Amino acid sequence: MIRYTLRRLVFAAPVLLAISLVVFLLLDLAPGDPMAQLPLSIPPEVKAEMRRVLGLDAPLPVRFGKWAWQFYVIEPATWIDRALGTALTEDRPRMISWQTRAPVMDLIAQRLPQTLWVVGLAYVVGILLAVPLGLWSAYRQYSAFDQLGGAVSIIGFAVPPFFSGVLLILLFSVHLGWLPSSYDTTLRVTGWDSLLAQMRQMAMPVAVLSLQTTALISRYMRAAALDVLGQDHVRAARARGSNERRVLMRHVARNAMLPVVSVIALGLPQVFAGAIVTEQIFRVNGVGHLLITSIQAGDLPTVQTITVLLAVFIVLANLAADLIYAALDPRIRYA
Amino acid sequence: MRRPFALCAGVALLTLIVLAVLAGPLLWSVPPERMDLAARNAGASLAHPLGTDQLGRDLLARLMAGGRISLAVGGAAMLAAVALGTVIGVVAGMVRWLDGPLMRLTDLFLSLPLLPLALIAVTLFRAPLAAALGPEAGLFALIVGVIAATSWMQTARVLRGEVLALMARSFIAAARSAGTPPLALATRHILPNVASAIAVSATLAVAGAIITESTLSFLGVGFPPDFPSWGRLLADGTAYLGDRPGRALWPGALISLTVLAVAYIGDALRDRSDPRGPR
């Protein structure tokens, strides 16, 4: 297992660098210029000198190397400094947002809790719904319940988050007036009342995102459970006289979860992409909202950092999927 | 469970939507950009069956115009993505030394944060392409290109698997020993045998392209309000959800129905082509 883990980690590093390079190159073509806001009275030769001193005219590999060093070494090190009180990065420049002139990582850190709460809760709810739904759909294949599960998954596919969110707002905020249509980030949970308010404002964003998750994962769970249900060990368990509950929970569910666990790990980045849309609808000022406003303002350092962070996250999710699968199923490790 | 009606229902629904969008203006000839300032934010009436927007533009006419854009983007992006995916998948399956590099490229694209990159690409290249091709054609080409560049990977993977399986069959060996050049082998023997896989990928690609375009437009980086797609109409309508819910519901329902119809067609095609029976 340790050898397998090391091999996977070694493979992940070049992938990470390649993805970072793709994002870097795409943004390198951008028309935005960090010198654009300087006064026009500065003579061109002084401007050229400033560009040289800032390293803006350096060749591409040098700029990418410096950026990668800053992103993967300096910025994480500032967090270690802050947590442990060390001075690894004293006086080192940080990546600065063009829009707010604050370090990009600090901006993201301010926005991350909202996103994590909404996305995390939606994912947990989605999985808790999807696994029993898929299992029972497979157990009672072609029943009314299975048809209903199929309908839910096709709705999750055909009704994208920006429309399901609008439908929920129309029903629960406009007509019924039960839930607020926008998310109040200044709310602090201090007692039962504020906890209730927090739950009410999270209900719709979580519902929108978990519909997508449920739709996807319940189909995988159903297909996996159908495969397992047809296998000999299930027939053998029934022949031994195990009751159906035990067959379903111990023999079918546990084996069917194997491929589903890696689908769950792989699907997490996709939920973050869905969160970009959901945050826009419900006015949650999370990371996705920061990305959209930064794109509109042409704030390239922030856009670049968020995009690469998402890429890092995808690579880590891939890695986690591989490792979890190998830990659960020894056949993978030795194959 | 075979669903013989799924293909018919999907085709019928899609035909209905395409007909309404293409032939609709013959029956309802109000130009989508004409402003009726006396009837701003109007409800349903004989003059405007679905009401008007905040500038008095007729919603029915704008839905037809928007549908033409959304469906055109869906179709064009599907053609580009499937063509790219087919070439990469078939080459990876046929040429052994290119298989590794091409599949690593596919994996790399699958690991990219696609929605943020699509947002960035559309924002960055909007102005240069608009200058080169004109504002509308430039934006159309850009959005189609961005969607195609971010959605060819599934087609490539599926086709590589199918082609690898075909290459081991004896009729391919026979064709090769008869001296068939690789290009003829691909067009004469490989492509006809993977046609059903391509068709299933194509339906998935159409549905995905329509959703991606709507997402871009909803987030404000797609088509502008004077050249609106369904996604843009939906985004504009959400501001008036309280008193004119129809402005958001109609375009949203049309997006969902189109995706649903295409998904049903894809499902039915897969059921037909999969000898193991429907899943």
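Just so it is clear, the model here is predicted, and its values are computed rather than measured.

Let's talk about the overall build of chain A
Right, on to step 1. The helix and strand tally for chain A stands at twelve helices and zero strands.
Right, on to step 2. For chain A, the sequential pattern of α-helices and β-strands runs α-α-α-α-α-α-α-α-α-α-α-α.
Right, on to step 3. Seen through its principal axes, chain A has C-alpha atoms that stretch 90 × 60 × 40 Å.
Right, on to step 4. When the 335 residues of chain A are sorted by exposure, 44% land in the buried category.
Right, on to step 5. By sequence separation, contacts in chain A at least 24 residues apart represent 71% of the contacts at least 6 residues apart.
Right, on to step 6. With the model as given, the accessible surface of chain A reaches about 17600 Å², and the carbon-plus-sulfur share is 66%.

Thoughts on the UniProt feature "domain: ABC transmembrane type-1" (unreviewed entry) in chain B
Right, on to step 1. In the UniProt entry, the feature "domain: ABC transmembrane type-1" (unreviewed entry) is given for residues 67–266 of chain B.
Right, on to step 2. For residues 67–266 of chain B, the end-to-end C-alpha separation is 21 Å, with 82% helix and 0% strand making up the annotated structure.

A word on the pattern of salt bridges
Right, on to step 1. Evaluation of the coordinates by the stated rule reveals nine salt bridges over all chains.
Right, on to step 2. Of the charged contacts, one joins Arg238(A) and Glu244(A) as a salt bridge, the two residues approaching to 3.0 Å between their closest N and O atoms.
Right, on to step 3. Residue classification places Arg238(A) among the partly exposed residues on the basis of a relative accessible area of 35%.
Right, on to step 4. Within the structure, one salt-bridge network assembled from shared partners comprises Arg104(B), Asp107(B) and Arg157(B).

Observations concerning the UniProt feature "transmembrane region" (unreviewed entry) in chain A
Residue and element names in this part refer to chain A.
Right, on to step 1. In the UniProt entry, the feature "transmembrane region" (unreviewed entry) is given for residues 115–139, 151–178, 198–217, 256–277 and 306–328.
Right, on to step 2. The span residues 198–217 is 100% helical and 0% strand by assignment, and the distance between its end C-alpha atoms comes to 27 Å.
Right, on to step 3. Between the end C-alpha atoms of residues 256–277 there is a gap of 32 Å, over a span that is 100% helix and 0% strand.

Considering the packing of helix α3 (residues 60–84) of chain A against helix α4 (residues 104–139) of chain A
Residue and element names in this part refer to chain A.
Right, on to step 1. For the pair α3 and α4, interaxial distance at closest approach is 11 Å and the crossing angle is 60 degrees. The chirality of how α3 crosses α4 is right-handed. Between α3, through Phe71, Glu75, Trp79 and Arg82, and α4, the contact on the second element is made entirely by Met105, Asp106 and Ala109.
Right, on to step 2. Partitioned by chemical class, the residues of the contact of α3 with α4 number four nonpolar, no polar and three charged.

A word on a positive patch on the surface
Right, on to step 1. A contiguous patch of positive charge on the surface is contributed by Arg240(A), Arg246(A), Arg250(A) and Arg254(A).
Right, on to step 2. Mapped onto the elements, Arg250(A) comes out in helix α9 (residues 244–282).

Focus on the interface of chain B and chain A
Right, on to step 1. Each partner contributes residues to the interface: chain B has 36 residues there, and chain A has 42 residues.
Right, on to step 2. Buried surface at the junction of chain B and chain A, both sides included, amounts to about 3400 Å², of which 83% is carbon and sulfur.
Right, on to step 3. Along the contact surface separating chain B from chain A lie zero salt bridges.
Right, on to step 4. Our enumeration of links across chain B and chain A arrives at one residue pair in polar contact (both at pLDDT 80 or more).
Right, on to step 5. Among the elements of the structure, α4 (114–133), α9 (195–218) and α11 (246–273) of chain B are those that each provide at least two residues to the side of chain B that touches chain A.
Right, on to step 6. The biggest single contributor to the side of chain B that touches chain A is α11(B), with ten residues.
Right, on to step 7. Residue classes in the side of chain B that touches chain A are distributed as 27 nonpolar, eight polar and one charged.

Re the UniProt feature "domain: ABC transmembrane type-1" (unreviewed entry) in chain A
Right, on to step 1. Using the residue numbers shown here, the UniProt feature "domain: ABC transmembrane type-1" (unreviewed entry) corresponds to residues 112–325 of chain A.
Right, on to step 2. In residues 112–325 of chain A, helix accounts for 84% and strand for 0%; the two terminal C-alpha atoms are 28 Å from one another.

Focus: the UniProt feature "transmembrane region" (unreviewed entry) in chain B
Residues and elements named next belong to chain B.
Right, on to step 1. As recorded in UniProt, the feature "transmembrane region" (unreviewed entry) lies at residues 69–95, 107–125, 137–159, 190–211 and 248–269.
Right, on to step 2. Measuring from the first to the last C-alpha atom of residues 69–95 gives 38 Å, for a span that is 96% helix and 0% strand.
Right, on to step 3. Across residues 248–269, helical content stands at 100% and strand content at 0%; the span's end C-alpha atoms are separated by 32 Å.

Quick word on the side chain of Ser242(A)
Right, on to step 1. With respect to the helices and strands, the residue Ser242(A) is situated in the loop between α8 (232–239) and α9.
Right, on to step 2. Owing to a relative accessible area of 17%, Ser242(A) belongs among the buried residues under this scheme.

Quick notes on the packing of helix α7 (residues 170–177) of chain B against helix α8 (residues 182–190) of chain B
All names here are of chain B.
Right, on to step 1. Look at α7 against α8: their axes get within 11 Å of each other, and the N-to-C directions meet at 145 degrees. As for the relative orientation of α7 and α8, their crossing is right-handed in sense. Contact residues: Phe171, Ile172, Ala175 and Arg176 in α7; Leu185, His189 and Ile190 in α8.
Right, on to step 2. Taken together, the residues of the contact of α7 with α8 sort by class into five nonpolar, one polar and one charged.

Side note on the confidence of the model for chain B
Right, on to step 1. The predicted model of chain B has a mean per-residue pLDDT of 84, with 92% of residues at 70 or higher.
Right, on to step 2. Overall fold confidence for the complex sits at a pTM of 0.85, while the interface term, ipTM, reaches 0.80.

Calculation rules
Residues numbered from 1 in each chain as written. Chains lettered and ligands numbered in written order. Predicted model: local features only at pLDDT ≥ 70, side-chain atom pairs only at ≥ 80, totals over all residues. Heavy atoms only, no water. Helix = DSSP H or I, 4+ residues; strand = E, 2+ residues; numbered from the N terminus. Buried < 20%, exposed > 50% of the residue type's maximum accessible area, 1.4 Å probe, protein only. Contact = heavy atoms within 4.5 Å. Areas by Shrake-Rupley, 256 points an atom, 1.4 Å probe, with all protein chains shown as cover. UniProt positions renumbered as here; feature names shortened; annotations may be inferred. Salt bridge = Lys/Arg side-chain N within 4 Å of Asp/Glu carboxyl O. Axes fitted to C-alpha atoms, helices over the stretch in contact; angles between N-to-C directions. Left-handed = near helix turned anticlockwise from the far one by under 90°. Nonpolar A, V, L, I, M, F, W, Y, C, P; charged D, E, K, R; others polar. Patch = residues over 30% accessible without salt bridge, like charges linked within 9 Å, V, L, I, M, F, W, Y side chains within 5 Å. Lys, Arg positive; Asp, Glu negative; His and termini not counted. Charge placed at Lys NZ, Arg CZ, Asp CG, Glu CD. Buried area = accessible area lost by both parts, 1.4 Å probe. Polar contact = N/O pair within 3.5 Å; in protein donor to acceptor, adjacent residues only side chain to side chain. pLDDT = per-residue confidence, 0-100.

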